[in-house]
Amino acid sequence: MTRPEMADEALFLLLHNEMVSGLYRAAEQGEGENGRCITKLENMGFRVGQGLIERFTKDTARFKDELDIMKFICKDFWTTVFKKQIDNLRTNHQGIYVLQDNKFRLLTQMSAGKQYLEYAPKYLAFTCGLIRGGLSNLGIKSIVTAEVSAMPACKFQVMIQKI
């Protein structure tokens with residue numbers, strides 16, 4: 001990894017951590033509801049995901065199907081944002097996809113134990129929005145949830161909404 005790439009990654013990690021802590025700090029000081037923080041982070045991620053997908057796909061051929069789009073998200077999109085591919089993609093071929101990242105970058109700064117497990121959802125909300133926003137811009141309406149059972153591994157479940 002070159003120096004500019006390392007700096008980009010460090011800045012992204014710092015910006016993400018500051019967004020999360022800033023929103024929660026504001027909620028604690030009475031400037032907003034604590035429960036709305038995850039929604040705000042998810043909405044921020046949604047908008048960023050829309051913009052990134054627009055840039056990443058401007059020179060690519062059209063996708064064949066839903067699975068082709070999910071493969072693009074797991075390989076190209078994830079690699080550009082998180083510097084690695086998704087470790088595992090599973091589907092039931094009925095509109096549910098599970099993306100597994102065994103060393104998710106936004107959780108690696110935390111302990112690998114279970115002591116910080118309760119804080120994980122607020123660090124995953126932005127990424128859920130990122131995936132949902134990217135898929136939205138590719139014409140797929142979805143619900144994205146995240147689950148962590150052992151840090152820093154996590155699973156993102158994408159449920160496609162049939163129109």
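Looking up the protein in an unreviewed UniProt entry gives the name Trafficking protein particle complex subunit 6B, with the organism given as Pelusios castaneus. Listed under Sequence similarities (unreviewed entry) in UniProt, the entry text for the protein is "Belongs to the TRAPP small subunits family. BET3 subfamily." According to its UniProt record, the protein has this under Function (unreviewed entry): "Component of a transport protein particle (TRAPP) complex that may function in specific stages of inter-organelle traffic. Specifically involved in the early development of neural circuitry, likely by controlling the frequency and amplitude of intracellular calcium transients implicated in the regulation of neuron differentiation and survival."

Moving on, we come to the pattern of salt bridges. Summed over the entire model, instances satisfying the criterion amount to 4 salt bridges. Two residues, Lys84 and Asp87, come together in a salt bridge whose shortest N-O distance is 3.0 Å. The salt bridge partner of Lys84 is Asp101, with a shortest N-O separation of 2.7 Å. Here Lys84 is found in the loop between helix H3 (66-82) and strand E1 (88-91), whereas its partner Asp101 is found in strand E2 (residues 96-101), with 17 residues between them in sequence. Both residues of the pair, Lys84 and Asp101, count as buried. One network of salt bridges, in which partners are shared, links Lys84, Asp87 and Asp101.

A word on the packing of helix H2 (residues 36-56) against helix H4 (residues 120-137). Two numbers describe how H2 lies on H4: the axes approach to 6 Å, and their chain directions differ by 40 degrees. It follows from the interaxial angle that H2 and H4 lie oblique. H2 and H4 meet at a crossing whose hand is right-handed. Residue classes in the contact of H2 with H4 are distributed as 12 nonpolar, 9 polar and 4 charged.

Here we take up the layout of surface pockets. In this structure, the largest pocket occupies an estimated 330 Å³ of space. Looking at the largest pocket, it is lined by 16 residues, and the ones nearest its centre are Phe12, Val48, Leu52, Thr80 and Val81. It is helix H1 (residues 3-28) that provides the largest number of residues to the lining of the largest pocket, a total of 7 residues. Residues belonging to the lining of the largest pocket are distributed by class as follows: 9 nonpolar, 2 polar and 5 charged.

Below, the discussion takes up the nonpolar core. Among the nonpolar cores identified, the biggest contains 43 residues, and Leu99, Phe104, Leu107, Leu135, Phe156 and Val158 are the most heavily contacted of them. Sequence-distant contacts of Leu107, that is, excluding residues within four places in its chain, are made with Ala120, Tyr123, Leu124, Val148, Met151, Pro152 and Cys154.

This paragraph deals with the pairing of E2. In E2, alternate side chains face the same way, and those of Tyr97, Leu99 and Asp101 are buried while those of Ile96, Val98 and Gln100 on the opposite face are not. With 4 bridges joining them, E1 and E2 adopt antiparallel strand pairing. In the sheet register, Thr91 faces E2, and the bridge partner there is Tyr97. Here E1 folds back onto E2, and the loop between the two strands holds 4 residues, one of which, His93, carries a positive phi near 60 degrees. Bridging between E2 and strand E4 (residues 154-160) involves 6 bridges; their strand directions are antiparallel. Directly across from Gln100, in E4, lies its bridge partner Lys155.

Rules used in this analysis
- Residues numbered from 1 in each chain as written.
- Predicted model: local features only at pLDDT ≥ 70, side-chain atom pairs only at ≥ 80, totals over all residues.
- Heavy atoms only, no water.
- UniProt positions renumbered as here; feature names shortened; annotations may be inferred.
- Salt bridge = Lys/Arg side-chain N within 4 Å of Asp/Glu carboxyl O.
- Helix = DSSP H or I, 4+ residues; strand = E, 2+ residues; numbered from the N terminus.
- Buried < 20%, exposed > 50% of the residue type's maximum accessible area, 1.4 Å probe, protein only.
- Axes fitted to C-alpha atoms, helices over the stretch in contact; angles between N-to-C directions.
- Parallel < 35°, antiparallel > 145°, perpendicular 65-115°, else oblique.
- Left-handed = near helix turned anticlockwise from the far one by under 90°.
- Nonpolar A, V, L, I, M, F, W, Y, C, P; charged D, E, K, R; others polar.
- 1 Å grid on protein atoms, 1.4 Å probe; cavity = no way out; pocket = protein on both sides within 12 Å on 5 of 7 lines; lining within 4 Å.
- Points joined across faces, edges and corners; volume = space filled by probe spheres on them.
- Core = buried A, V, L, I, M, F, W, Y, C linked by side-chain atoms within 4.5 Å.
- Contact = heavy atoms within 4.5 Å.
- Pairing = 2+ DSSP bridges.

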